[in-house]
Amino acid sequence: MENNIQSAKSFLQQKSREIYQSRGHKPCYFIHSYGCQQSVSDGERLMQMLEDVGFEPTDDYTKSDIILLNTCCVRENAEDKVYARLGDLKALKRQNPELIIGICGCMAQEEQVVEKIKKSYRNTDIIFGTTAYKELYSMLEQVYLNRKLVVNQFQDHKDLGDGYSQKRTSKFKAFVSVMYGCNNFCSYCIVPYVRGRERSREPQSVIDEVKDLVSKGYKEITLLGQNVNSYSYGFPQLLRKINEIDGDFRIRFMSSHPKDATKELIDAIVECDKVCKQLHLPVQAGSNRILKEMNRHYTVEDYMKIVDYARSRIENFSLSTDILVGFPGETYEEFLQTKQLTQRVKYDNIYSFVYSPRKGTKAAELPDPISTKEKGLWLRELLVAGQGINQKNMQRFVGKISRVLVETFKDGRLSGKNDENIIVEFQCTENLVGEFVNVEITEAKNWALMGILN
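What comes next concerns the included structure. Keep in mind that what you see is a predicted model, and the values were worked out from it rather than measured.

With respect to the pattern of salt bridges
Going through the model one piece at a time under the given rule, you end up with 26 salt bridges. Two residues, D212 and K216, come together in a salt bridge whose shortest N-O distance is 3.0 Å. For K216, a relative accessible area of 57% corresponds to the exposed category. Notably, a salt bridge pairs D260 with K259, separated by 3.0 Å at the nearest N-O pair. One connected set of salt bridges, linked through shared partners, spans K173, E220, R250, R252, E407 and D419.

Next comes the structure, spelled out in structure tokens:
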């Protein structure tokens, strides 16, 4: 197989040289990654592969020779956006028949999606799934030679991506995947079906990647996994080992499943100076009955034990969460239990969504008597309540110093995030993007902190 990959790579390098000679500039690619950080990280790997054979990036997809839509299928509206983009690309393909259009990522693992694309979006040239990226060169070669649709849904559960570099789209923030897949099979979630079962990278492989990034000046490393704290070699231990790496950087991770969130994990967060004192812990619902229907494997009481333990270690330990409003069969009274839970925990950030049925999941088969409109009203009620809590939470930073990694600079105004993953804005004439700075917080709003450079 390695010989086939190298042969296809050589073919594409020659192809890109031919295009360069005929046009006077390198061929271009455009990749749009939808959804989670893992999808973005996968997209960075595809970028590097294309640049390794002579293609260069462009922000103008109309000038592209290759367009790849790296997809998400967690919610229906994410899929709708992809179909809309495919529709828009039909005219572009008519103008430029040599253009290669590909669909990859999670959507490409769904059989019904593949059939729909074959039937309704015949301008598509490549469809490949979540672990078939290593076949990219071979698939592109087939399209260039035969001009026929190539479909590859093969899932290699042994390949963990080691040995494949990726183009970092930030100069100071980087994603590092520590594991792939999910074993939880929450009843509303399609991820285990499209990402496969859990596979964890060897600790030394992860550590070596982080060391390399830190040596190149990266300041924020985010460890990724669909359920990162079920990392099979011990996630708290991995955090401690990465924390020992020399350098001025900080460590984040996501996402965590409450059933695997342990006191040992909290201890590692609190005791490791480079690990951000913040935990994203998706609760999804505040009703034990709904949690059981969701197949979440914990109760509200279990969840609160880990929250209370975190707050016993650090009084203002920062927590964020995901909440799914309107799960099939959920009553308004059960929704109110979720609302009450948010008031009890006092999250710094809540990412809330109305339930969207995913074909192929158990929840999609359940009776769902509550209208989408009514669920939307519940969601609004939750958001309004959360704003009041968030405003009070933010006040705890006023008068204190926050360490901020600056991310943007515009018109003398800098913006970044502190260790608690909260936006901090302040005035400064100097461009300090990519640097850690200390900011004295002078004002708290419900969405950001305002301050002055200390």
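Brief notes about the packing of aromatic side chains
Applying the stated rule across the entire model yields 12 aromatic pairs. Ring plane angle 80° and centroid distance 6.5 Å describe the contact between Y188 and F327, whose orientation is recorded as edge-to-face. You can see Y188 sitting in the loop between β8 (179–180) and α6 (191–195) and its partner F327 sitting in the loop between β13 (318–325) and α12 (332–345), a full 139 residues away along the chain. Accessibility classification places Y188 together with F327 in one group, the buried group. By way of ring pairs, the aromatic residues Y188, F327 and Y355 are connected into one cluster. The ring of Y133 carries the charged tip of R45 above its face, separated from the ring centre by 4.8 Å. The residue whose ring lies beneath R403 is F436, and the NZ or CZ to ring-centre distance is 3.7 Å.

A short note on the pairing of strand β1 (residues 28–33)
By the bridge criterion, 2 bridges tie β1 to strand β2 (residues 56–57) in an arrangement that is parallel. Residue pairing for β2: C28 is matched across the bridge by E56. Crossover β1 to β2 through helix α2 (residues 37–52) is right-handed. With 5 bridges joining them, β1 and strand β3 (residues 66–71) adopt parallel strand pairing. Bridged to H32 within β3 is L69.

Things to note about the packing of helix α8 (residues 235–243) against helix α9 (residues 263–271)
In the contact formed by α8 and α9, the axes pass within 8 Å of each other and the chain directions differ by 15°. Viewed along their axes, α8 and α9 adopt a mutual orientation that is roughly parallel. Considering the relative orientation of α8 and α9, their crossing is left-handed. Between α8, through F235, P236, Q237, L239 and R240, and α9, the contact on the second element is made entirely by E264, L265, D267, A268 and E271. Of the residues in the contact of α8 with α9, the class split is 5 nonpolar, 1 polar and 4 charged.

Some thoughts on unusual backbone geometry
In this chain, M254 is followed by S255 through a cis amide linkage whose omega measures -5°. The phi angle at F185 is positive, at roughly 50°, despite the residue not being glycine. Tracing the sequence through the fold places F185 in the loop between β8 and α6. We note that H297 has phi near 65°; this positive angle belongs to a residue other than glycine. Secondary-structure assignment places H297 in the loop between α10 (288–293) and α11 (300–313). What makes H297 exposed here is its relative accessible area of 52%.

Focus: the nonpolar core
Counting 65 residues, the largest nonpolar core has L223, I242 and F253 as its most contacted members. Contact partners of F253, with chain neighbours within four places excluded, come to T222, L223, V228, F235, L239, L265, I269, V275 and L279. Residues L12, I31, L68 and V150 belong to the second largest nonpolar core, which totals 27 residues.

Some thoughts on helix α7 (residues 203–215)
An ideal rise of 1.5 Å per residue puts 18 Å on 13 residues; α7 measures up with 18 Å between its terminal C-alpha atoms. All of the buried residues along α7 are P203, V206, I207, E209, V210, L213 and V214. With its buried residues spanning 160° around the axis, α7 presents them on a single face. Those residues of α7 that are buried lie in contact with β7 (173–177), β10 (220–224) and α8. G217 sits one or two residues past α7 and shows a positive phi near 100°.

Examining the sheet that holds β3
Spatial ordering of the open sheet is given by β2-β1-β3-β4-β5-β6, a layout of 6 strands whose pairing is parallel. Each end of this open sheet is capped by a strand with a single partner; those strands are β2 and β6 (150–152). Looking at chain direction, β3 and strand β4 (residues 100–105) are connected through 6 bridges and run parallel. Considered in β4, the bridge of I67 is made with I101. This element, helix α3 (residues 76–95), spans β1, β3 and β4 of the sheet and lies at about 170° to β3. Across the sheet, helix α5 (residues 136–146) touches β3, β4, β5 (126–128) and β6, and the angle it forms with β5 is around 160°.

Quick notes on the sheet that holds β7
Judged by pairing direction, the sheet is parallel, and its 3 strands sit side by side in the order β7-β10-β11 without closing on themselves. Lying at the two open borders of the sheet, with one neighbouring strand each, are β7 and β11 (250–254). Pairs of neighbouring strands in the sheet enclose a mean axial angle of 25°, with direction left out of account. As paired strands, β7 and β10 are joined by 5 bridges and run parallel to one another. Paired with A174 across the bridge in β10 is I221. α2 rests against β7, β10 and β11 of the sheet, and its axis sits at about 95° to β7. Against the sheet, α8 contacts β10 and β11, and its axis sits at roughly 160° relative to β11.

What counts and how
Per chain, residues are indexed from 1 in the order of the written sequence. Restriction of local features to residues with pLDDT of at least 70 applies here, the model being predicted, together with a cutoff of 80 or more for giving and counting side-chain atom pairs; totals for whole chains, interfaces and linings are based on all residues. Values reported for side chains reflect all heavy atoms of the structure, with hydrogen atoms and water molecules removed beforehand. Any Lys or Arg side-chain nitrogen located within 4 Å of an Asp or Glu carboxyl oxygen qualifies as a salt bridge. Only protein chains enter the calculation, and the probe is 1.4 Å; a residue is then buried if its accessible area is under 20% of its type maximum, exposed if over 50%, and partly exposed in between. Each Phe, Tyr or Trp ring (for Trp, its six-membered ring) is paired with any other whose centre lies within 6.5 Å, and the angle between the two planes then decides the class: stacked below 30 degrees, edge-to-face above 60, tilted in between. Numbering goes from the N terminus for both helices and strands, where a helix is a DSSP run of H or I of at least four residues and a strand is a run of E of at least two. Either the NZ atom of lysine or the CZ atom of arginine qualifies as a charge over a ring when it sits within 6 Å of the ring centre and within 35 degrees of the ring normal. In this analysis, strands are considered paired if DSSP registers two or more bridges between them. For the handedness criterion, the strands are oriented away from the viewer, and a crossover whose path from the first strand over the helix to the second runs clockwise is classed as right-handed. Between the N-to-C directions of two axes lies an angle of 0 to 180 degrees, each axis being a line fitted to C-alpha atoms and, for a helix, fitted only over the stretch in contact. An angle below 35 degrees is treated as roughly parallel, one above 145 as roughly antiparallel, one from 65 to 115 as roughly perpendicular, and anything else as oblique. For a crossing to be left-handed, the near helix must be turned anticlockwise from the far one by less than a right angle; the clockwise case is right-handed. Contact between two residues is taken to exist if any of their heavy atoms lie within 4.5 Å; hydrogens are not considered. The residue classification treats Ala, Val, Leu, Ile, Met, Phe, Trp, Tyr, Cys and Pro as nonpolar and Asp, Glu, Lys and Arg as charged. All others, Gly included, are polar. Side-chain atoms within 4.5 Å are what join buried Ala, Val, Leu, Ile, Met, Phe, Trp, Tyr and Cys residues into a set we call a nonpolar core. Given a helix with a known number of residues, its expected span is that number minus one, times 1.5 Å. The arc in question is traced by the directions running from the helix axis to the C-beta atoms.

Keep in mind these numbers describe shape, not what the thing actually does.
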